[in-house]
Amino acid sequence: MSNTSKKSPVSRSGRFSGGPAADVAQFTESISFDWRLWEHDLLGSMAHATMLQTIGVLTKAELKAIINGLDAIGKEIATGKFRWKDELEDVHMNIESELTKRVPAGAKLHTARSRNDQVALDVRLWLRDEITALLREINTLQRALVALGEHNADVIIPGYTHLQRAQPVYLAHHLLAYAEMLERDCERLWDCYSRVNICPLGSGAIAGSTLPLNRELVAELLGFVDASGRPQLTQNSMDAVSDRDFALEFAAAAAILAMHISRLSEDLILWAGSEFNFIKIADAYTTGSSLMPQKKNPDVAELSRGKTARVYGNLMALLTLLKGLPMTYNRDLQEDKEQLFDTADTVRATVRIVAAMLEHIAVNRAACAAAASDPALLATDLADYLVLRGLPFRQAHHAVGAVVALAEKTGKALNQLTLAELQSVDKTFGADALAVFDLKTAMAKRNLTGAPGTKEVAKQLARWRKQLVN
Ligand code: ARG
């Protein structure tokens, strides 16, 4: 099929005798997805034009006409009136070509600029906004975790290893473990932000420009500055147009974040199941079964776990996309956007819905108390008791193991054994040994930094409350 599209895009004018074949145009277009960079593309163009005026490429009147033209286009896009044209390939050419139709000076806008540095700029600008918005959402999720912990501050549950009951912890302690993970996610995202926040404009297609651009001014206008206000510029034009590690870093940080949310979701799913029955997720965040009338399924939590897969997939796709590319820009790089957009959209939506779901969770205090009252959870405390009476820990561990076996044999709970039975295992046991099984006292004793003790958990809750308000 040698069908050619009607119009020839600006990038083909002069050198080419006609437009690309329709199937080629369809294969190579990115407007269907990169249109969402429009706001950032406009901002970048406004800053570039402002700089071009200061170096004499544009007159003041031309600059004004360009800014007004871009502004009008922005308003049309925002209200859905702008007509995107497939034959103009991408967001950059759609906007520039429309501008030039309306404003003759638009033809000067692309001076010393290539779509290669332009697209790198747009993605960086877009990602900066995405990261800041995501950080806010994570903060809300952390606050929801802290609030759920605070509202159930006295609730104790078994802590698990290997999904077997291990030792008692406050529910708040378990929830705050996720607040800690999310905090590291925020740190990773901030760290990534510092490398996103570097201005590539002025790198041209690959080799900068012979014109005396003021790169610092463009960077300042677009907020590419460090904490002391110094402009942050890419230092190698070839690197600047081919680098996408800033996007990869985001995709990697997002994948770790998604993994954390997936684990949280898994805990919530388990807790909501009848075997645990620790929590009830509000109806609005669950769905029924089309066949079994009794079912209430935690679909939101399951999808939060499930969506992690595509976030991982996007990271792998981006890594694979980049691995074989020769320097510098190659059209392959256009394939970075859908993955990046999908990653940002998916993690943001997930963080938001999980925060909302947490706000609609009721804790089943009776079920938690019943599970936490299992005296076996305090077997280690009994070993510590023997250690305090001078027994080496290995011996104490062995003795308590024998006590557990004895309890099992006699069909008694650990705290129902008599002193005589305990002493039949080891003479070190005294009359006060059974006091170890008082849960309240046991929780009061766990006050090392980071431990789930009564005072320590209250302290950690207070710290988080203070930290998240700021
Ligand atoms: N749509 C392209 C992309 O996203 C813009 C850059 C095109 N550059 C080029 N030399 N064809 O990568």
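The preceding data block contains the structure.
The text that follows walks through the structure, step by step, so that each part is easy to find. (Residues numbered from 1 in each chain as written. Predicted model: local features only at pLDDT ≥ 70, side-chain atom pairs only at ≥ 80, totals over all residues. Heavy atoms only, no water.)

## Focus on the side chain of S242
Turning to step 1, where the next piece is worked out: Among the secondary structure elements, S242 is positioned in helix α9 (residues 237–242).
Turning to step 2, where the next piece is worked out: On the accessibility criterion, S242 (14% relative accessible area) is buried.
Turning to step 3, where the next piece is worked out: Within polar-contact distance, the side chain of S242 engages the backbone oxygen of M238 at 3.0 Å. (Helix = DSSP H or I, 4+ residues; strand = E, 2+ residues; numbered from the N terminus. Buried < 20%, exposed > 50% of the residue type's maximum accessible area, 1.4 Å probe, protein only. Polar contact = N/O pair within 3.5 Å; in protein donor to acceptor, adjacent residues only side chain to side chain.)

## Comments concerning the pattern of salt bridges
Turning to step 1, where the next piece is worked out: By the definition in use, this model includes 31 salt bridges.
Turning to step 2, where the next piece is worked out: Residue R195 is joined to D191 by a salt bridge in which the shortest nitrogen-to-oxygen separation is 2.7 Å. Here R195 and its partner D191 are both found in helix α7 (residues 171–196), 4 residues apart, which amounts to about one turn of the helix.
Turning to step 3, where the next piece is worked out: Classification of R195 by relative accessible area gives partly exposed; the value is 35%.
Turning to step 4, where the next piece is worked out: Classification of D191 by relative accessible area gives partly exposed; the value is 41%.
Turning to step 5, where the next piece is worked out: For K459, the salt bridge identified is with E456, shortest N-O distance 3.1 Å. (Salt bridge = Lys/Arg side-chain N within 4 Å of Asp/Glu carboxyl O.)

## A word on a nonpolar patch on the surface
Turning to step 1, where the next piece is worked out: Taken together, the side chains of I206, M238 and M327 define a hydrophobic patch exposed on the protein surface, amounting to about 270 Å² of accessible area.
Turning to step 2, where the next piece is worked out: Here M327 shows up in the loop between α12 (308–323) and α13 (336–358). (Patch = residues over 30% accessible without salt bridge, like charges linked within 9 Å, V, L, I, M, F, W, Y side chains within 5 Å. Areas by Shrake-Rupley, 256 points an atom, 1.4 Å probe, with all protein chains shown as cover.)

## Focus: helix α6 (residues 115–151)
Turning to step 1, where the next piece is worked out: Taking 1.5 Å per residue as the helical rise, α6 with its 37 residues ought to reach 54 Å, and the 53 Å between its terminal C-alpha atoms agrees with that figure.
Turning to step 2, where the next piece is worked out: The buried count for α6 comes to 28 of 37 residues, which makes it a mostly enclosed element.
Turning to step 3, where the next piece is worked out: Looking at where α6 begins, the residue whose side-chain oxygen comes 2.8 Å from the main-chain nitrogen of N116 is S114. (Expected span 1.5 Å × (residues − 1).)

It is worth stressing that arrangement in space is one thing and function is another; only the former is reported here.
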